[in-house]
Amino acid sequence: MAYEALLEAARHMIDAALSGMPRVEYVVEPARPGFGDASSNAAFLMSGAMKMRPAELAARIAERCRPGGLVSGVEAHPSGYLNVRADWDVLSGRIMESCMSAGYGGGFGSRSTVVEHTSVNPNKALHIGHVRNVVIGDTISRILRKAGDRVTVLNYVDDSGLQVADVVLGFTQMGYDTEPPPGKKFDAYCGDVVYVGVTERAGDDPGLKEQSRKILADIERGDTESAKVAAEVTRRVLADQLETCWSLGVRYDMLNYESQVVRSGLWRTAFGKMKEMGMATLAREGENAGCWVIRDKVIVRSNGTATYMAKDIPYAAWKMGLVEDPFTYREYGAQPDGTMLYESVLEGGRRMEREAADRVITVIDSRQADLQKTVSDIMERFGGGEYIHLGYEAVTLSAATARTLGVQTHTGSQMSGRRGIYVGADQMYAKLRDRAAEETYKRNPDMNEDMVDAISRAVAVGAIRYEMIRQDLGRAITFDMERSTRLEGDTAPYLQYSHARARRILERAASEPDYTGDMSVLIQNKERAMLRLLGMYNIVVGDAYRNLSPKVVARYCHDLAVAFNTFYESYKVIGAGDLENARLCLTGAFCSVISDALGVLGIPAPERM
RNA sequence: GGGCCCGUAGCUCAGCAUGGACAGAGUGUUGGACUUCUAAUCCAGUGGUCAAGGGAUCGAAGCCCUUCGGGCCCGCCA
């Protein structure tokens, strides 16, 4: 709260100084370094109405300001800005207090939010493209939870699509063994060997394609041998995929299955509603003759089967809580973080109270923006909360990395599970873990293996997660193996390392920091820079929350780590005499805030590295 | 043909929502700093017609329009 209090105090002061002048919507924001502690653009905005140059007007306003409380002074900059100085004797202590108070940074949200992410076809292992989805989704749900929302995280398992039909075809009619070769996870085997193999052979074999379609229909019917095999296969793949996600620190509340949505009757309800409301119409002529369509998009084929989007609509309505719940629920299993993962079932589970969602956030890459727009429009017509498609640009492979996978290219390449061209999530994780273990061992030759292992995992998880969210969601990631295995510079290990350094100081200090002590002795620029950032944590979380933007938190962590490392290199903490306690507190507050912020990103903050 | 995203330093990216103070990081490159709380670090130097053009504005990397370049979507696939 601390910095917000300063901004409020400054606004109060300026408001008073502005009385009698034209009202404008000016801002008071944290100042850029070197320009005081808070800045306002009031003079710029009023210069037109007052017929004065901004600089003159700023000087006039500054004169009329009466500093007090957290504000110690105000100056008019020749540029026209009003620069506000804080009373650091007071502010330092306030910031320290906030940093060490429970729940600092969040607690302002109160919505009920449903987040769906991951939702990878259960016929293959996750690749790094999927990982971006998983990490964005998990990070968003952490931001929402930090803010104070009640969050339910869903993973939608498309266990009745064509991709599943293909692998069922492979297992039942093409003689693929149901057991993977030793050392290969089932999900990877299913994707790399069976799926790739089937699609390769089906490419020039219309007979196989036809069989695959027949299997798909059988799966949808439910009581067939194909449906049984599909259920077994997708269960096994799902279990392996969840292992991958869990290893990255991701958690869910519930699994939903497309097969259940199809058989639940939800579709009939939603379809009926759309017909009633005139959204869905039966095309009588033209190329879509015999199909039910919404705005030229086919939702029911002429043979009566539903398309992908048609399955999405009832699920969306269910997520929003707009239809009667046809499901019951049971425990899928405990997750590594100790929470229980539930799954929906059509019979045999318990009923569960569900709160209607204020908003539903669906994380899917931007290539599906059109379809999501349609779903979103339909949900709006249905009424209820907000349906948000959180899109992001996909991950592509750099030319160099694509070449190592056997793709001839000079420009980079899209990944393709179907063709087996991708970087696996598990492989990437293992590679980073090995690298991190090497580095950890180098620095800590006497450390026991378990600890080295724990640190390497933390570093690997951090490195992957940070890569996936540090840039804007609207920017495509060109994945390069070389660059992505770096552990220096603007990477998670840098942030984790700064935390470990700080922990070490606290560990070595003769006494615990006394946070009620006098903080007014922290007068150095580098100390103030840290305090300023520490005091802005809640502003940052608020920004990330409003804009559903993980990168905001990532950049904050980076700024904070830079500030600490700069401080660390310049000043002693232990043995700093009168300054020792205050600096210990600064170090402690840094640990507290950055580990919390890293936690929001799902990045562990090890004690040592 | 219609629509979405991107274009800022050699490379990877912030900044654009809410226009104002010298366009910032990382990486690369050059030089420097470990008998001192971990050098996965830090300091200094290097590096920019903010894709181009026009418009509105006292003021544009940011807003509007146009053009160019790159990626993607528009299926009775999912």
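Residues numbered from 1 in each chain as written. Chains lettered and ligands numbered in written order. Predicted model: local features only at pLDDT ≥ 70, side-chain atom pairs only at ≥ 80, totals over all residues. Heavy atoms only, no water.

K.L.:
Now, about unusual backbone geometry: what can you tell me, with residues and values included?
P.N.:
Non-glycine residue Arg295 carries a positive phi angle of around 45°. Take Arg295: it is sitting in the loop between strand 9 (292-294) and strand 10 (297-300). For Leu548, which is not a glycine, the phi torsion comes out positive at approximately 45°. Locating Leu548 in the fold gives a position in the loop between helix 20 (537-547) and helix 21 (550-570). Judged by relative accessible area, which is 9%, Leu548 ranks as buried. (Helix = DSSP H or I, 4+ residues; strand = E, 2+ residues; numbered from the N terminus. Buried < 20%, exposed > 50% of the residue type's maximum accessible area, 1.4 Å probe, protein only.)

K.L.:
Lay out the domain arrangement of chain A with the relevant residues and their values.
P.N.:
Here chain A is described as being made up of domain 1 (2-86), domain 2 (112-259 + 324-397) and domain 3 (426-600). Between domain 1 and domain 2, the C-alpha centre-to-centre distance is 53 Å. (Domains from an automatic or database assignment.)

K.L.:
Let's hear about the environment of Thr516: which residues, and what values?
P.N.:
Among the secondary structure elements, Thr516 is positioned in the loop between helix 18 (492-508) and helix 19 (525-535). Thr516 sits 65 residues away from Asn581 along the chain, and the two C-alpha atoms are 9.9 Å apart. A distance of 2.6 Å separates the side chain of Thr516 from the side chain of Asp514, its partner in a polar contact. (Polar contact = N/O pair within 3.5 Å; in protein donor to acceptor, adjacent residues only side chain to side chain.)

K.L.:
Account for the pairing of strand 13 (residues 359-363), naming residues and giving values.
P.N.:
In summary, the side chains of a regular strand alternate between the two faces of the sheet. The buried fraction of strand 13 amounts to 5 of the 5 residues, a majority that puts the element mostly inside the structure. For strand 5 (residues 112-116) and strand 13, the ladder comprises 4 bridges, and the chain directions are parallel. Paired with Glu116 across the bridge in strand 13 is Thr362. In this structure, strand 13 lies alongside strand 14 (residues 386-390), joined through 5 bridges in parallel fashion. For Val360, the partnering residue across the bridge sits in strand 14 and is Tyr387. Between the parallel elements strand 13 and strand 14, the chain passes through helix 13 (residues 369-382) in a crossover that is right-handed. (Pairing = 2+ DSSP bridges. Right-handed = clockwise from strand over helix to strand, strands pointing away.)

K.L.:
Report on the protein's contact with RNA strand B, specifying residues and quantitative values.
P.N.:
For RNA strand B, the set of nearby residues contains 61 residues, the closest of which are Arg301, Gly474, Tyr497, Arg504 and Tyr571. Within 4 Å of the protein, the contacting atoms of RNA strand B are 63% sugar and phosphate, with bases supplying the remainder. A distance of 2.5 Å separates a phosphate oxygen of RNA strand B from a polar atom in the side chain of Tyr494. Tallied by class, the residues present in the surface near RNA strand B amount to 21 nonpolar, 16 polar and 24 charged. (Near = heavy atom within 4 Å. Nonpolar A, V, L, I, M, F, W, Y, C, P; charged D, E, K, R; others polar.)

K.L.:
Lay out the sheet that holds strand 16 (residues 413-414) in plain terms, naming residues and giving numbers.
P.N.:
Strand order in the open sheet formed by 3 strands is 16-15-17, and the pairing between neighbours is mixed. Of all strands in the sheet, those bounded by a partner on one side alone are strand 16 and strand 17 (477-479). Relative to the sheet, helix 5 (residues 128-147) contacts strand 15 (395-397) and strand 17, its axis offset from that of strand 15 by approximately 155°. (Contact = heavy atoms within 4.5 Å. Axes fitted to C-alpha atoms, helices over the stretch in contact; angles between N-to-C directions.)

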